[in-house]
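So you can see what is in the structure, the chains are spelled out below.
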Amino acid sequence: MELVEAKSFKFKGREYPCCASLTMGIIGGKWKTVILFHLIGGKLRYSALRKCMPTVTERTLSLQLQALEDDGLVLREVYHEKPPLKVEYSLTAFGKTLIPLIQAIADWGEVAAE
C-alpha cells in the first residue's frame, strides 16, 4: 500500500487535517445535516424548521442556522413588508452542492432502520 502525503485543507480561515475532516467540520454534529436535509425541498421559515425537528431547542437551532449561514451553506432572507417579520431559510448554490451527500446519508438511514 502506498503512503499518501498528509495535506491540510483550509476553509474560511480554519485549517483541517484532511478533506473528510473539513466536510465533517462544516456539516457534522447532531443538527446541521438534519437542517440541510429539510431545506432540500426549498425555503422554510424558522417555525417550519422547528416543526420538522421538535426535539431541537430554539437556541441550538438558531446557533446551527447561524453557523450554516456563516459557512455559506444557508441563506437567511428577512422580509420587512408587513408585520410580523418574516424570515426564510434556503440552501445557497454552495449549499446545494451538498444535496447528493445529504440524500445519500438520508437513504442510508432508511436502509439501516429496516
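Going by the structure above, here's the rest.
Presented here is an overview of the structure given in this document. (Residues numbered from 1 in each chain as written. Predicted model: local features only at pLDDT ≥ 70, side-chain atom pairs only at ≥ 80, totals over all residues. Heavy atoms only, no water.)

1. Quick look at helix 1 (residues 19-27)
1) Next: Of the residues making up helix 1, those classed as buried are Leu 22, Ile 26 and Ile 27. The buried residues of helix 1 occupy an angular sector of 105 degrees when projected down its axis, which confines them to one face.
2) Next: Against strand 1 (9-11), strand 2 (14-16), helix 2 (32-39), helix 4 (58-70) and helix 6 (99-113) lie the buried residues of helix 1.
3) Next: Remark: Gly 29 follows helix 1 within two positions and exhibits a positive phi of approximately 100 degrees. (Buried < 20%, exposed > 50% of the residue type's maximum accessible area, 1.4 Å probe, protein only. Helix = DSSP H or I, 4+ residues; strand = E, 2+ residues; numbered from the N terminus. Arc of directions from axis to C-beta. Contact = heavy atoms within 4.5 Å.)

2. Regarding the pattern of salt bridges
1) Next: Tallied over the full model, the rule gives four salt bridges.
2) Next: Glu 77 is the partner of Lys 43 in a salt bridge, and the nearest nitrogen-oxygen pair spans 3.0 Å. Taken together, the positions of Lys 43 in the loop between helix 2 and strand 3 (44-45) and Glu 77 in strand 4 (residues 74-79) put the pair 34 residues apart, joining distant regions of the chain.
3) Next: Note on Lys 43: relative accessible area 44%, which makes it partly exposed.
4) Next: Look at Glu 77 and you get partly exposed, because its relative accessible area is 23%.
5) Next: A salt bridge links Lys 43 to Glu 88, with the nearest nitrogen and oxygen atoms 4.0 Å apart. Taken together, the positions of Lys 43 in the loop between helix 2 and strand 3 and Glu 88 in strand 5 (residues 86-91) put the pair 45 residues apart, joining distant regions of the chain.
6) Next: Of the residues examined, Glu 88 reaches a relative accessible area of 13% and is grouped as buried.
7) Next: Salt bridges sharing partners connect three or more residues here, namely Lys 43, Glu 77, Lys 86 and Glu 88. (Salt bridge = Lys/Arg side-chain N within 4 Å of Asp/Glu carboxyl O.)

3. Things to note about the sheet that holds strand 3
1) Next: Here we have three strands laid out as an open sheet, ordered 3-5-4, and antiparallel in their pairing. With partners counted over all chains shown, the strands left at the sheet margins are strand 3 and strand 4, one partner each.
2) Next: Pairing of strand 4 with strand 5 involves six bridges; the strand directions are antiparallel. Residue Val 78 lies in a different strand from strand 5, and its bridge partner there is Val 87. (Pairing = 2+ DSSP bridges.)

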